[in-house]
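So you can see what is in the structure, the chains are spelled out below.
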Amino acid sequence: MDNNILVYNRYRLEVFIIVLDKYYLEDTFGNIHVVIGNRHPICGYLSYIKYAPSNKKSVWYKNGIYYRRVVKHYFPEEVHKSYIYKIPDPWSDSLVPFTPKSIISKIYDPINRLHDIINKPRDILEEEVVELAKWIRSQANIPWRCIGVTGSILPKIHNTLISDIDLIVYGSICGWKVIEAINYEDKVVKKLDSYKLIEWSNRLSRRYGIPVRHVIALYRLWRRGVLYTGREFSIAYSSDKPKSFCGDKWLTIGSGRIKAYVTPSLHSLDYPIESHIEKYSVIEQTVTRNVDISIALSYETFFMPALIEEGWRIIDGIIQYNPYQGIGRIVVGVKERLGYIIKD
C-alpha cells in the first residue's frame, strides 16, 4: 500500500495514523477535503471540502474526473458551508466542519507526496516543486521529514499551467529555521513584483477592511514569493505533533479591539497561530464579564507575521474566557467576527 494513501476495507478496520494540518482526505463520494489544524477527535478529522467531482470540464483533473473548487476565498463562513457534518468543539466554542473516518477512502500525506515527487517528478510543475523544496532545505538546513507539498499537487489534480506551489513545513524548530533563512531574494526566489504585491494587498485590504499599507507591512518572503521560473509559491507552517481534542474549554463572552504587546513562543508556528500578550489596553469592547486577556489567536494565516514577531499590535476580534484557567484570549478570523491584526 502506498504510504501516503490509507484505504479502509469493507470491514472498516481501524488503522491508527497521525493526520496533521494541510493533509488532504478523499471521501467515498469523491470529495477532496483539507484537514484543519492538529486537533482531531478519535472518530474523524476537522476538515472542509475544497474540491468536488464535476460533470463540467475544469482546470483540476485526475483519472478521467474533473473537479470544481468548492472553497475559493477562504472566508470563515465559506469554509463552514463546505462540510458534510459538523460537531461541537469546546476549545473554539463553535460548531466545526468534520469528516468521520467511516466515509474516508484515502488520506494524502504532504511529506510522502513530496518524497514521491523527488523520486520521480512527472511534469514541469513537479520539477519546480523539487527545485524549490531542495533550495529551502539547503538554505534552512532542515531534514526532509520537515517538508511537504500540499494544495492541488497533493492529490495530483494540479494544472501545470496555472497551479501555484504550496509547501508546508512541519515542526516548530524546522519552521523557525526556514523563517530565519528565507528573508532575502536570490537567484532562486524573489518577492512578488510591485504589480502582484499591490494586487494581492488590495484584495486582502478589502477582505479585512484595513488600509493597504498595513497589508504590505505584513508581506514576508518566507510566506509567499515567486520562483525564478515565474511560478508563485506559498509556505505554510505547522507543528508535527497531534493535540488532544478534549480537555479544554473556551466560552465566547463578547468582542472588542485592543492595543497589545505580543511575544511569540516556540509553539507559535501552528494553526491556529498563537502568541502571548504581555500587556494591553482596551480600545473598545463589549463583553459579558471582565477578563484578563493573555493570548492572541488567529485562524487567518495572513496575520502570522504580526503574531510571531514581537511588538505592539492593534487586534480586533472576539473575546473568549477559559473557566478552568481563569484567563481570556482575543480571537481573529472566525465567522462571528473576521477581525484583524495590524502593527501599531
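Scroll up for the structure.
The numbering scheme is per chain: residues are counted from 1 as the chain's sequence reads. Where totals are concerned, whole chains, interfaces and linings use all residues; where local detail is concerned, this predicted model gives features only for residues with pLDDT of at least 70, and gives and counts side-chain atom pairs only at 80 or more. Side-chain figures throughout are based on the complete set of non-hydrogen atoms in the structure, without hydrogens or water.

## Overview of the state of the cysteines
A pair of cysteine sulfur atoms is labelled a disulfide when the two atoms are within 2.5 Å. Considering all chains together, one arrives at one disulfide under this definition. Through a disulfide, C146 is tied to C174; the S-S separation comes to 2.1 Å. Taken together, the positions of C146 in the loop between α3 (124-140) and β9 (147-150) and C174 in helix α4 (residues 172-181) put the pair 28 residues apart, joining distant regions of the chain. One exposure class covers both C146 and C174, and it is buried. As a non-bridged cysteine, C43 has C246 as the owner of its nearest cysteine sulfur, 9.2 Å distant. Only DSSP runs of H or I with at least four residues qualify as helices, and only runs of E with at least two residues qualify as strands; both kinds are numbered from the N terminus onward. Type-normalised accessible area, obtained with a 1.4 Å probe on protein chains alone, sets the label of each residue: buried when under 20%, exposed when over 50%, and partly exposed for intermediate values.

## Observations concerning the pattern of salt bridges
Any carboxyl oxygen of Asp or Glu that lies within 4 Å of a side-chain nitrogen of Lys or Arg is treated as forming a salt bridge with it. Under the defined criterion, the tally for this structure stands at 16 salt bridges. Two residues, R113 and E126, come together in a salt bridge whose shortest N-O distance is 2.8 Å. Here the residue R113 occupies a position in helix α2 (residues 110-119), and E126 occupies one in helix α3, the gap between them amounting to 13 residues. Linked by salt bridges that have partners in common, R257, E284, D316 and R337 make up one network.

## Some remarks on α3
Compared with the 24 Å implied by 1.5 Å per residue over 17 residues, the 24 Å span of α3 between its first and last C-alpha is a close match. Of the positions making up α3, those classed as buried are L125, E126, E128, V129, V130, L132, A133, W135, I136 and A140. Of the residues that open α3, the one with a side-chain oxygen 3.1 Å from the backbone nitrogen of L125 is D123. Phi turns positive, to about 55 degrees, at N141, one or two residues after α3. One less than the number of residues in a helix, times 1.5 Å, gives the span that helix is expected to have. As used in this structure description, the phrase polar contact means that two N or O atoms lie within 3.5 Å; if the pair is within protein, one of them must be able to donate a hydrogen and the other to accept it, and residues adjacent in sequence are counted only when both atoms belong to side chains.

## Notes on a nonpolar patch on the surface
In this scheme, patches are assembled from residues that exceed 30% relative accessible area and form no salt bridge. Like charges are connected within 9 Å, while nonpolar side chains (Val, Leu, Ile, Met, Phe, Trp, Tyr) are connected within 5 Å. Computed by Shrake-Rupley with a 1.4 Å probe, the accessible areas treat only the displayed protein chains as cover when residues are assessed. On the surface, a cluster of nonpolar side chains totalling about 310 Å² of accessible area is made up of V59, L161 and I162. On the secondary structure map, I162 appears in the loop between β9 and β10 (165-170). Taking the relative accessible area as the measure of exposure, I162 reaches 52% and is therefore exposed.

## Notes on the sheet that holds strand β12 (residues 224-227)
In space, the five strands of this open sheet follow the order β9-β10-β13-β12-β11, with mixed pairing throughout. Looking at strand neighbours, the two that pair on one side only are β9 and β11 (189-190), the edges of this open sheet. Two strands make a pair as long as DSSP finds a minimum of two bridges between them. In this sheet, strand β13 (residues 232-238) lies alongside β10 in parallel orientation, the contact comprising six bridges. What sits directly across from V169, in β13, is Y237. Strand contacts of α2: β9 and β10, with the helix running at about 90 degrees to β9, the strand carrying the most contacts. Contacts were defined at the residue level, with two residues in contact if any of their heavy atoms lie within 4.5 Å. A fitted line through C-alpha atoms serves as each axis, taken over the contacting stretch for helices, and the angle formed by two N-to-C directions is quoted from 0 to 180°.

## Quick look at α2
Listed as buried for α2 are P110, I111, N112, R113, L114 and I117. Tucked into the core, α2 has its buried residues touching β8 (104-108), α3, β9 and β10. N-capping of α2 is provided by D109, with a side-chain oxygen placed 2.8 Å from the backbone N of I111.

## Some remarks on the side chain of D89
Positionally, D89 belongs in strand β6 (residues 85-89). Among all residues touching D89, those that are not within four sequence positions of it are R39, S94, V96 and F245.

## Re the pairing of strand β2 (residues 32-35)
Every second residue of β2 is oriented toward a common face, with I32 and V34 on one face and H33 and V35 on the other, all of them buried. Judged from the three bridges that link them, strand β1 (residues 24-27) and β2 form a sheet pairing that is antiparallel. Counted as the bridge partner of E26 is I32 from β2. Pairing analysis gives four bridges linking β2 to strand β3 (residues 44-54), with the strands arranged antiparallel.

## Re the nonpolar core
The criterion is simple. A nonpolar core is a set of buried Ala, Val, Leu, Ile, Met, Phe, Trp, Tyr and Cys residues joined through side-chain atoms within 4.5 Å. Judged by nonpolar contacts, the single largest core of 67 residues is most densely connected at L132, Y237, F303 and I315. Those residues in contact with F303 that lie beyond four places of it in its chain are Y208, I210, L218, S298, V332, G339, Y340 and I341. Core analysis: the second largest hydrophobic core is formed by 12 residues, V19, L20, Y23 and I111 among them.

## Description of the packing of α3 against α4
Two quantities define a packed helix pair, namely the angle between the helix axes and the distance between the axes. It is the contact of α3 with α4, at a shortest axis distance of 8 Å, that shows an interaxial angle of 95 degrees. As judged from the angle between their axes, α3 and α4 are roughly perpendicular. Contacts from I136, Q139 and A140 in α3 reach K177, V178 and A181 in α4. Gly is placed with the polar residues, together with every amino acid not listed as nonpolar (Ala, Val, Leu, Ile, Met, Phe, Trp, Tyr, Cys and Pro) or charged (Asp, Glu, Lys and Arg). Taken together, the residues that form the contact of α3 with α4 break down as four nonpolar, one polar and one charged. With respect to orientation, any angle under 35 degrees is reported as roughly parallel, any angle over 145 as roughly antiparallel, any angle of 65 to 115 as roughly perpendicular, and every other angle as oblique.

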